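Summary of the model geometry
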Amino acid sequence: MSVPVVRDRTSAVTLGIVFAALAAVSLSTAGFIAKQLVDDGTAGVVVAFYEVAFGLLFLTAARARSLRSGLRLERGVLRWIAIAGICFALATASFYTALARIDFSVGAPIIGAVPLVSYAFVLLVLRGHERLTVRSVLGATLVVGGVVLIGAAN
Amino acid sequence: MEIGVLLAIAAAFGWGAGDVFVRRAMFGARPEAVTVVVAGMVLLALAVLVVVTGGAGGFAVPGTSFLAAVAVMGLLTWLSGNLLYFHGMQRAGVVVVSPILGMIPIFSIALAVTLGGERPSVATLAGALAIVTGVAVVLTDRKRVLQ
């Protein structure tokens, strides 16, 4: 019985990896468009605000049926979401403001450091739920090393 | 260090921390619900920032082409970006999917080459190779997620 369960879990993980790769392509493209807008003189924080406003509109429209049944959240969950929301708001506003001052080919590689920051917070917030292995830390270090190389080259 | 670089580093900290908080929130809620409420929180916080930095006039829209561009960005960032990423995080965990976001510079360079006409240097290509190798190393460890 355990073999199909493990196979299902492997499929779920593989699907999760594919989703993350598609998300990375989408986020890169959005950053590229943001660079054009802030270069035209619009403040990064304004670009970020309207981007999220449209994003929320599309999300609500696309997932209305599934949201109707599950938007009631516990207070503990809401607390984590509130902290995440503030982090994302500051991150987006900072990055789009940065793009008005630096090239996209310089700013984007810096974002490649996200995995290492996440790993630090995994140790603080997800202890007991997710574990860091030597190989995952080595891989993340290679990613950040590559990002530094690209940043230095540009 | 240039202020633009410092702001980009601050952004990396914000996104890196935010991803882990979202993962924590998803222990008690589905990705769709978390994505929508996070987007609402982000909108609220950005509205405050717009007012603080530019007053009520800060919300002025530069033109229809701007609205079209931010609409596309909203679609890319929240529907095919964060919603998919949060689904991926729920299935595979932060430790596995987070380095995949580290591939953003590669996609960015691809955009710069195809749309911006830039030619990447040898160092840039070497950096891209290191990133791909790093992601591959993490992905070979994904079976530990099953444990």
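Residues numbered from 1 in each chain as written. Chains lettered and ligands numbered in written order. Predicted model: local features only at pLDDT ≥ 70, side-chain atom pairs only at ≥ 80, totals over all residues. Heavy atoms only, no water.

1. Some words on the overall build of chain A
Summing up its helical and strand segments, chain A has seven helices and zero strands in all. Secondary structure elements of chain A occur, N-terminal to C-terminal, as α-α-α-α-α-α-α. The principal-axis extent of the C-alpha atoms belonging to chain A is close to 60 × 40 × 25 Å. Within chain A, buried positions represent 52% of all 154 residues. Taking the contacts inside chain A whose residues are at least 6 apart along the sequence as the reference set, 67% of them involve residues at least 24 apart. (Helix = DSSP H or I, 4+ residues; strand = E, 2+ residues; numbered from the N terminus. Buried < 20%, exposed > 50% of the residue type's maximum accessible area, 1.4 Å probe, protein only. Contact = heavy atoms within 4.5 Å.)

2. A look at the interface of chain B and chain A
Of the residues lining the interface, 113 residues belong to chain B; the matching set on chain A comes to 105 residues. Carbon and sulfur atoms make up 81% of the surface buried where chain B meets chain A, a total of about 9700 Å² over both sides. Taken together, the links from chain B to chain A amount to one salt bridge. Of the charged contacts in the structure, one is a salt bridge between Glu130 of chain A and Arg23 of chain B, with a shortest N-O distance of 2.7 Å. Seen at the junction of chain B and chain A, the total is nine residue pairs in polar contact (both at pLDDT 80 or more). When residues of the side of chain B that touches chain A are traced back to their parent elements, those giving at least two are helix 1 (3-25), helix 2 (31-54), helix 3 (64-92), helix 4 (94-101), helix 5 (104-114) and helix 6 (122-139) of chain B. Ranked by residue count, the leading element in the side of chain B that touches chain A is helix 3 of chain B, at 24 residues. Considered class by class, the residues forming the side of chain B that touches chain A number 75 nonpolar, 27 polar and 11 charged. (Buried area = accessible area lost by both parts, 1.4 Å probe. Salt bridge = Lys/Arg side-chain N within 4 Å of Asp/Glu carboxyl O. Polar contact = N/O pair within 3.5 Å; in protein donor to acceptor, adjacent residues only side chain to side chain. Nonpolar A, V, L, I, M, F, W, Y, C, P; charged D, E, K, R; others polar.)

3. What to know about the nonpolar core
Grouped together as the largest cluster of nonpolar side chains are 103 residues, with contacts concentrated most on Val47, Phe95 and Tyr96 of chain A together with Val22, Leu46 and Met73 of chain B. Beyond its immediate sequence surroundings of up to four residues, Val47 of chain A is in contact with Ala34, Leu37, Val38, Thr42 and Tyr96 of chain A together with Phe66, Val70 and Met73 of chain B. (Core = buried A, V, L, I, M, F, W, Y, C linked by side-chain atoms within 4.5 Å.)

4. Side note on helix 6 of chain B
Here helix 6 of chain B is 18 residues long and its end C-alpha atoms lie 26 Å apart, about the 26 Å a rise of 1.5 Å per residue gives. Residues of helix 6 of chain B that are buried include every one of Thr124, Gly127, Ala128, Ala130, Ile131, Gly134, Val135, Val137, Val138 and Leu139 of chain B, and no others. (Expected span 1.5 Å × (residues − 1).)

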